[in-house]
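# Residue-level structural notes
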Amino acid sequence: MEILRAENLCKIYGKSGTKVVALNNVNLMVEKGEFIAIVGASGSGKSTLLHILGGVDEPTSGKVVLNGKDIYSLNDEEQSKLRRREIGLIYQFYNLIPTLNVRENILLPIKLDNGKYDINYFNELVDMLDLNNRITHLPSELSGGQQQRVAIARTLMSKPSVLLADEPTGNLDSQNSKEIMKLLTRANKIYHQTIIMVTHDKVLATYADRIITIEDGKIVDDKKVMHHENN
Amino acid sequence: MKTIRSLAFNYLKYNSKKVRVIVLSIILTTILLFTVSLGTSTVRQYKIDTAKTEFGSYHVTFRDTNYDQYQDLKNNKAVKKVVPIQTIDKLSDDELGKYVNIKNIVDSEGKFDLRIQKMESDFEEVVTLVKGRYPQNDHEIIITRMLERNDLAITIGKKISDYTIVGIFQEKNAQAVYNYQQKEDGSFDTIFTPAAITKGNIDNGDNIDLVTTYKSSYNLYNKIYKDAQSLGGTYEIIYGSKRYNNADINFQLVVAYGQYEDFIFQRTMYIFMIIILIILSAFSAITIYNSFTISLQERKKQLGILRSLGASKRQLIKMLLYETLILSIISIPIGIIFSFSFGSIIIFVINKILENIIVNKVKLVVYPIFLIISVIFILLTIFLASFLPIIKMRKISAIETIRESKDYKVLRSKEDYPIIKHLFGSTGEFAYKNMKRNKSKFTTVLVSLIASVVLFITISTFIDVIASSYGVDNGREADIHIVISDNEAATELVQNIKSLVGKDRMTIIKERQFDFKIDNDNIIYDNVSNDGYYGIEIFGLDDASYNRYKKVAGLKNDNQILLYNYLENYDDNTDTNTYEVFFKDTIKDIEICRVDRKFYPDHQTIIPMGCYYHFNNFYITYDNELDWWSPAIIMRMEDYDNFINVAKEYETEQFIKDANSQKIDIYSEKFVKLDKQLNKLFAEYREKGMDIYYDNASLEEYEPYMIIKTIRLVLYIALIFVIIVCLINIINILNTSIALRETEFAVLKSVGMSNKKINSMLRLEQIFLGIKTLLWSLPLATGVVLMLMKLSKEITESGKVAISFPLRAYIISVVGVVSIIFIMIKYSISKIKKNNIIDSIRKQSI
Ligand SMILES: Nc1ncnc2c1ncn2[C@@H]1O[C@H](COP(=O)(O)OP(=O)(O)O)[C@@H](O)[C@H]1O
Ligand SMILES: [Mg+2]
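The structure reproduced in this document is the subject of the present report. (Residues numbered from 1 in each chain as written. Chains lettered and ligands numbered in written order. Predicted model: local features only at pLDDT ≥ 70, side-chain atom pairs only at ≥ 80, totals over all residues. Heavy atoms only, no water.)

## Description of the packing of helix α1 (residues 2-14) of chain B against helix α2 (residues 16-55) of chain B
Think of two packed helices as two axes; the pair is described by the angle between the axes and how far apart they sit. Residues and elements named next belong to chain B. As a reminder, the rule being used: Here, axes are lines fitted to C-alpha atoms. For helices the fit covers the stretch in contact, and angles between N-to-C directions go from 0 to 180 degrees. Going along the chain from the N terminus, every DSSP run of H or I of four or more residues is numbered as a helix, and every run of E of two or more is numbered as a strand. Put simply, angles under 35 degrees are roughly parallel, angles over 145 are roughly antiparallel, angles from 65 to 115 are roughly perpendicular, and the rest are oblique. Whether two residues are in contact is decided by their heavy atoms: any pair within 4.5 Å suffices. In this count, Pro and Cys sit with the nonpolar residues alongside Ala, Val, Leu, Ile, Met, Phe, Trp and Tyr, while Asp, Glu, Lys and Arg are called charged and the others, Gly among them, polar.
As a packed pair, α1 and α2 sit with axes 6 Å apart at the nearest point and diverge in direction by 95°. Classified by the interaxial angle, the pair formed by α1 and α2 is roughly perpendicular. Contacts between α1 and α2 involve Tyr-11, Leu-12, Lys-13 and Tyr-14 on the former and, on the latter, Ser-16, Lys-18 and Val-19. Per-class residue counts for the contact of α1 with α2 are four nonpolar, one polar and two charged.

Following this line, the structure appears as structure tokens:
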């Protein structure tokens, strides 16, 4: 079942003289429950693509359809609602709100919306992400790995249609990186969470079931990954 | 909404340091704007109180009404209080004569009527009791202080006709008390008809004056006109407004209520005030605007994250406005408390300084309506000033903000500034570009500095304008002038005065005009055909004073000094004065002839002249205007006395008496204290029957002088206060901006910029800031100053610009800005030194 579709996406930065074509006619279709890794060299346009898919950056041309809705034709209120409910974004720098504690950070997108949430699901997530005894801490009191786990919990909390992660492990050591990848895989398997992750680490990319390679703003390769181990 | 609120609240809680700039700017705004309303209501209340004490709290007196009209007015809903006074009797000249010697009271015509009026109660509405008590029945009266004469025994206890005097009053409501009547031809009865007041019920007759107070001061004139008309009054238009012949308005009070419009001085003052208010508001608004811009810029990334988490623009705006609200709720009361305390201190100081001058103590007052209006005004200023940056924030898309503060990009600007580069080198150009990039931070500092300079220069000029409108500082030789008759007690009195005056300048003068015969040898030019006789004033001075003048004139011996080389000559035929005689500098002995040469043409005394010297301000306080320009001779007192002794045998008794009266001129800084002491002393001697004339000119000018001094003080304190707050503002901005730029400096260091280079970059930034401040503020201030100078024409009678260009204020400003910049440089550099590179880079600020 198709959940996300990008059609003829182009993104051009700057004016004629210093023009940078970050995305060049990208087409992409994502099925529900897929775990996609986008790989490519630095500056190839990975983040740009991810941001446009996530509704936080506007394409120069082309459209993005999420659950049948063309997200860039919506007004601000509807777009914000879409971001709250259907899109989860994770960044390299965890981007937590420093003045809110772990619990408040996790619940923030829900609170920005209607405020109703499933306490059991919350506990389950906190359990899964091993944040139980950190729940009232401020972000500044947590390690990098912990902060990223909070960011993931925040994203999963609103059960988004797609989870978009831009180099989520870029700022972590390999041990913590593996932890995070396992968590993402688990979310993918348990909750059938659709995930699109940007990374420039070929090894980490193999956690995904589909790897898209991007070069100079163009998709140059798109292939399924066969997993031999049984998780 | 709850989340929005808690987000806002949390932000403020954890970023108290960052929002301090905003809090400060709101407090500053509140103080500035609230103080204006505080000041306005305090001044207004003071004027009202003073008017009430001095002239009564009534609004109008309707004259010549009857009992029915009195009842009607009493039932008028707009009227708060009506106090009736009914004239019942008039003791005429002849009748009064039986009780007192009226010729001694009124010297000219001896005409004197005493009007007896009755009141039921509320005496204090029209008079202030000075002595005794109020009347309790219709056989007791109180009389005006003007009539009380111990020597004539018109005082408490004395019986006049059927009435016994029980009290003495000072009138407040002069019209009601004196009851001048308008005659048929429209002119006023000028016969001195003071009133005596007795107690009695108002009867069903005529001749009732109604001292009326309305419930509210709103629209007072119209109410008065309406009632005056219905009471049968007719009006004339005088200076554009109606004046009813039967209504005596309590003018001072009505003016204090602000109900009198065509008063040019007041209007000009209001214009000044409004100018200053506008500068203050603009200054506050810009400060708030900038502190918001800074704070939002720091939070761009956080706002971006919130956007990416699905917060809508409306939610963000709500959050920011909510923050503003919280900050306002905290800061406005602080500001108000500040202004109150500040105001109280100033009022305390004013009351102390003006203790002996002002009638009522100044009270710090704020009308509830003023409080509400100013809070609304403050809130409006705050929200308008904060709304713009908040609205601007909308444009920022989530992704840009998330990306932005990730790392510091070393500036890559396409623009070049060849002139800056030429003048200050490449570091200078770099610093300049930095300033451009951190525009809003620099703008706030810039605005604070510019505002301080403009305010300083403007207020200094403003102070000059006020001072010039009063014309203080007249550079007199003496302030206190006393005339006493020269009898046995005089020597002792002079001695007593001398001991009070102490070391201050005191001149004892005797003075008389005589005729002199002047040789043609002594005259340069004379076309007055008066056979060589001229009226000349001679002054006998005490030794010390004589020696003082002698020294100035450079005279070696104790001879006379001739003053002024003009002689005023009155020409009967043409009815003009001519000033025609010019004495030679080397004037020789001149001859005196007695005062009335027509009767005693023979007698002559030779007076040896020492020299001629023109003193610009020789003595004479009371004659400061000096409408006579007569030559005068100064001599030692001993010589003067001898001279008068010789003249004695030819002159009338009165002449000799006048000639012997002593004038004492005193110049003293402590004239207020001296005034009290002298009054006490003179009272003593007057009892003994000595005639004493006493005039303390300084005292008359003391009030405006002290008021000016006080206004000056208050304005300067206010100014210093504003500047201090400005500086705090600047320091605060520097702190946040340096904290923010830590990463920038660290990156610059990590790419190899030396500490020295960074310091010199900083230094240049601040120097540019200083230059920019002066480039902006001096022309701006000049504009305001020119405007003030133009406006000052309106309030000075002469129509000339009364103030000179405030060069001193300009110099102080420039020096001030330079020192502030210097301090800022020192401060920033010392702050930066403490930071280490890695710490700064690692610090991740959202
Ligand atoms: N705001 C921007 N302005 C101009 N160019 C940009 C901007 N953001 C990204 N780019 C350019 O677009 C290209 C793609 O960037 P990005 O998507 O961040 O690459 P990646 O994430 O693959 O490293 C790069 O060449 C980058 O320099
Ligand atoms: Mg990237």
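## Examining the pattern of salt bridges
Stated formally: Salt-bridge detection follows one rule: a side-chain nitrogen of Lys or Arg within 4 Å of a carboxyl oxygen of Asp or Glu. Think of it in three bands: residues with accessible area under 20% of the maximum for their type are buried, residues over 50% are exposed, and the middle band is partly exposed, with areas taken using a 1.4 Å probe on protein chains only.
Applying the stated criterion across every chain, the model contains 18 salt bridges over all chains. Residue Glu-7 of chain A is joined to Arg-5 of chain A by a salt bridge in which the shortest nitrogen-to-oxygen separation is 2.6 Å. Under the relative-accessibility criterion, Arg-5 of chain A is labelled partly exposed at 25%. Note that Glu-125 of chain B and Lys-81 of chain B form a salt bridge whose closest N and O atoms lie 3.7 Å from each other. With Glu-125 of chain B in the loop between β3 (114-119) and β4 (127-132) and Lys-81 of chain B in strand β2 (residues 79-91), the pair connects residues that are 44 residues apart, well separated along the chain.

## Some points on the site of ligand 1
Cut-off, in case you're wondering: Proximity criterion: a residue is near a molecule or strand once any of its heavy atoms comes within 4 Å of it. By the criterion applied in these results, polar contacts are pairs of N or O atoms within 3.5 Å in which, for protein atoms, one can donate a hydrogen and the other can accept it, and in which residues neighboring in sequence qualify only through two side-chain atoms. Accessible surface is estimated by sampling points in the Shrake-Rupley manner with a 1.4 Å probe; for residues, cover comes only from the protein chains shown.
Near ligand 1, the surroundings consist of 12 residues, among which Gly-43, Gly-45, Lys-46, Ser-47 and Thr-48 of chain A are the closest. Near ligand 1, the surrounding residues are drawn from chains A and B. Gly-43 of chain A has a polar backbone atom sitting 2.7 Å from an oxygen atom of ligand 1. Ser-44 of chain A is positioned with one of its backbone polar atoms (N or O) 3.2 Å from an oxygen atom of ligand 1. Alone, ligand 1 offers 550 Å² of accessible surface; in the complex the protein occludes 65% of this. Listed by contribution, the elements that provide at least two residues to the shell around ligand 1 are β2 (20-31) and α1 (46-53) of chain A. Ranked by residues supplied to the shell around ligand 1, first place goes to α1 of chain A with three residues. Tallied by class, the residues present in the shell around ligand 1 amount to four nonpolar, six polar and two charged.

## Regarding the nonpolar core
Residue and element names in this part refer to chain B. What counts here: In these notes, a set of buried Ala, Val, Leu, Ile, Met, Phe, Trp, Tyr and Cys residues joined through side-chain atoms within 4.5 Å is what counts as a nonpolar core.
By size, the foremost hydrophobic cluster in this structure holds 55 residues, and its most contacted members are Phe-283, Leu-455, Ile-457, Leu-769 and Met-824. Within the residue set of this core, elements represented by two or more residues are α2, α8 (264-298), α13 (418-437), α14 (439-470), α20 (697-750), α21 (755-795) and α22 (807-833). Leu-769 has contacts with Met-435, Phe-442, Val-445, Leu-446, Leu-449, Ile-821 and Met-824, leaving out every residue within four places of it along the chain. Of all hydrophobic cores here, the second largest spans 47 residues; its members include Val-23, Ile-31, Ile-332 and Ile-346.

## What about the environment of Arg-763 of chain B?
Residues and elements named next belong to chain B. Structurally, the position occupied by Arg-763 is in helix α21. Assessed through its relative accessible area of 38%, Arg-763 is described here as partly exposed. C-alpha separation for the pair Arg-763 and Ala-431, spaced 332 residues apart in sequence, amounts to 8.7 Å. Among residues more than four places away in sequence, those in contact with Arg-763 are Ile-825 and Ile-829.

## Some thoughts on the pairing of strand β9 (residues 210-215) of chain A
Residue and element names in this part refer to chain A. Heads up, the rule is: In this analysis, strands are considered paired if DSSP registers two or more bridges between them.
Burial runs high along β9: five of the six residues are buried. As paired strands, strand β3 (residues 35-39) and β9 are joined by four bridges and run parallel to one another. Its bridge partner lying in β9, Ala-37 is registered against Ile-211. Bridge count between β9 and strand β10 (residues 218-224): six bridges; the pairing is antiparallel. Opposite Ile-212, over in β10, you have Asp-222 as the bridge partner. What sits between β9 and β10 in their antiparallel hairpin is a turn of two residues, with Asp-216 showing a positive phi close to 45°.

## Notes on the interface of chain B and chain A
Operational definition: Summed over both partners, buried area is the accessible surface (1.4 Å probe) that two parts give up on being assembled.
Across the contact, 28 residues belong to chain B and 26 residues belong to chain A. When chain B packs against chain A, the two sides together hide about 2400 Å² of surface, and 59% of this comes from carbon and sulfur. For the pair chain B and chain A, the interface holds one salt bridge. The salt bridge partner of Arg-307 of chain B is Asp-76 of chain A, with a shortest N-O separation of 3.0 Å.

## Overview of the packing of aromatic side chains
Where we set the bar: To pair, rings of Phe, Tyr and Trp, with the six-membered ring standing in for Trp, must have centres within 6.5 Å; the planes then decide the type, stacked if under 30 degrees apart, edge-to-face if over 60, and tilted in the middle.
Enumeration according to the criterion identifies eight aromatic pairs over all chains in this entry. Seen in terms of ring centroids, Tyr-121 of chain A and Tyr-191 of chain A are 5.5 Å apart; in terms of plane orientation they differ by 90°. Their pairing is edge-to-face. Placement of the pair is Tyr-121 of chain A in helix α4 (residues 119-128) and Tyr-191 of chain A in the loop between α6 (174-190) and β8 (194-198), with a sequence separation of 70 residues. With a centroid separation of 5.1 Å and an interplanar angle of 15°, the aromatic rings of Phe-123 of chain B and Tyr-134 of chain B are classed as stacked. On the criterion of sequence distance, the pair formed by Phe-123 of chain B in the loop between β3 and β4 and Tyr-134 of chain B in the loop between β4 and β5 (140-144) is long-range, its members being 11 residues apart.

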